[in-house]
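So the chains spell out like this:
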Amino acid sequence: MASAVDAAAPVGRAPMTRRTAPVWVWALPPVAVLALVFLYPLALVVQESLAPGAHADVLASASFREALVTTVWLAVASTAGCLVLGFVLAVVIAFVPFPGGKAVSKFIDVFLSFPSFLITLALLFLYGTVGMANGLWTDVTGDPSGPFRFLTTPWGVLLAEITYFTPFVVRPLLAAFSQMETAQLEVASSLGARPLRIVRQVILPEALPALAAGGSLVLVLCLNEFGIVLFTGAKGVTTLPMLVYGKAILESDYAAACVVAVVNVALSVGLYALYRGVSRRAGA
């Protein structure tokens, strides 16, 4: 049966079809914004880094090599610390019933929105030169100064990064544990397996994809961390982002700063590709 529209249409004229714009037309506005805001400045940085002799001078300098080594070992050590601490915390929150467990899980979600300098500032209040720990020490012993001075060393930066980035490992672990069948734990426990063996042989294999995805993300974030190193006041700790800041702002050597920035971007993109690959395999 013909529809009312077809009946009303003039005889011999085909029904009018609505013309739509090609798909690529709708992609033009976001691509243009992306090119203006991100790709164009990045192209300028790459162009500036190609100044004659810039790469040779920077890559051959001792300051660049030291910054690269410091960046890599801090990122790797922080990631390892986050994986260990995050796994322990996630296991306790997910499988050990205690009052306020759900509140702790919710707080981890909120913690992810905190800026990194806020955590560093809190550590300064606790363990800084004039922090609470040193103040308590001087009050009790009468010494003119306290013993806690590690925040201005690489170990202070490491502590701050582990403190701040551990929730980025805990969150995917809790998501993975929420999908885990508790029957596996009950069967293992009924067969006489001790808690540590259950964790090692039952929980850890299930957590490996989430650990890999969270660890890859933390590694990328630690590689580019700037605020923690700056706010700890660790003058002897120079990472690649700090070297970019020093070359561009303090020395006004923009070509050298762009070279370091390009190297940092290349490392970040490589690690991000690794993170996406691991996340895809983990189903994240």
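Look above for the structure.
Residues numbered from 1 in each chain as written. Predicted model: local features only at pLDDT ≥ 70, side-chain atom pairs only at ≥ 80, totals over all residues. Heavy atoms only, no water.

(A) Focus on helix α5 (residues 101–111). Listed in full, the buried residues belonging to α5 are Gly101, Ser105, Ile108 and Phe111. The buried residues of α5 occupy an angular sector of 115° when projected down its axis, which confines them to one face. Relative to its buried face, α5 has exposed residues pointing more than 90 degrees away, namely Lys102, Ala103 and Lys106. (Buried < 20%, exposed > 50% of the residue type's maximum accessible area, 1.4 Å probe, protein only. Helix = DSSP H or I, 4+ residues; strand = E, 2+ residues; numbered from the N terminus. Arc of directions from axis to C-beta.)

(B) Focus on the packing of helix α6 (residues 116–127) against helix α7 (residues 132–141). Where α6 contacts α7, the axes come no closer than 3 Å and their chain directions differ by 5°. In terms of their interaxial angle, α6 and α7 are classed as roughly parallel. From α6, Phe125, Leu126 and Tyr127 reach across to α7, where they touch Met132, Ala133 and Asn134. Looking at the contact of α6 with α7 residue by residue, the class counts come to five nonpolar, one polar and no charged. (Axes fitted to C-alpha atoms, helices over the stretch in contact; angles between N-to-C directions. Parallel < 35°, antiparallel > 145°, perpendicular 65-115°, else oblique. Contact = heavy atoms within 4.5 Å. Nonpolar A, V, L, I, M, F, W, Y, C, P; charged D, E, K, R; others polar.)

(C) Up close: the nonpolar core. One finds Phe87, Phe165, Leu173 and Phe177 to be the most contacted residues of the largest nonpolar core, which totals 44 residues. Where this core is concerned, the elements lending two or more residues are α4 (62–95), α5, α6, α8 (154–165), α9 (167–178), α10 (182–190), α11 (195–223) and α12 (227–232). No other element matches the 11 residues that α11 contributes to this core. Not counting the four nearest positions on each side in its chain, phenylalanine 87 is found in contact with Cys82, Leu173, Phe177, Val199, Ile203, Leu204, Ala207 and Leu211. Membership of the second largest hydrophobic core comes to 10 residues, among which are Ala54, Val58, Ala67 and Leu240. (Core = buried A, V, L, I, M, F, W, Y, C linked by side-chain atoms within 4.5 Å.)

(D) Examining the packing of aromatic side chains more closely. Evaluated as defined, the whole model comprises 13 aromatic pairs. Here tyrosine 164 and phenylalanine 168 contribute two aromatic rings whose centre-to-centre distance is 5.9 Å and whose plane-to-plane angle is 55°, an arrangement assigned as tilted. Residue phenylalanine 168 is classed as buried on the basis of its relative accessible area of 18%. Ring pairing ties together the aromatic residues Phe107, Phe111, Phe114, Tyr164, Phe165 and Phe168, which thus form one cluster. (Phe/Tyr/Trp six-rings, centres within 6.5 Å; stacked < 30°, edge-to-face > 60°.)

(E) Focus on the side chain of lysine 247. Mapped onto the fold, lysine 247 is located in helix α13 (residues 240–250). The exposure class assigned to lysine 247 is buried, which follows from its relative accessible area of 16%. Setting aside residues no more than four positions away along its own chain, lysine 247 makes contact with Ser252, Asp253, Ala256 and Ala257.

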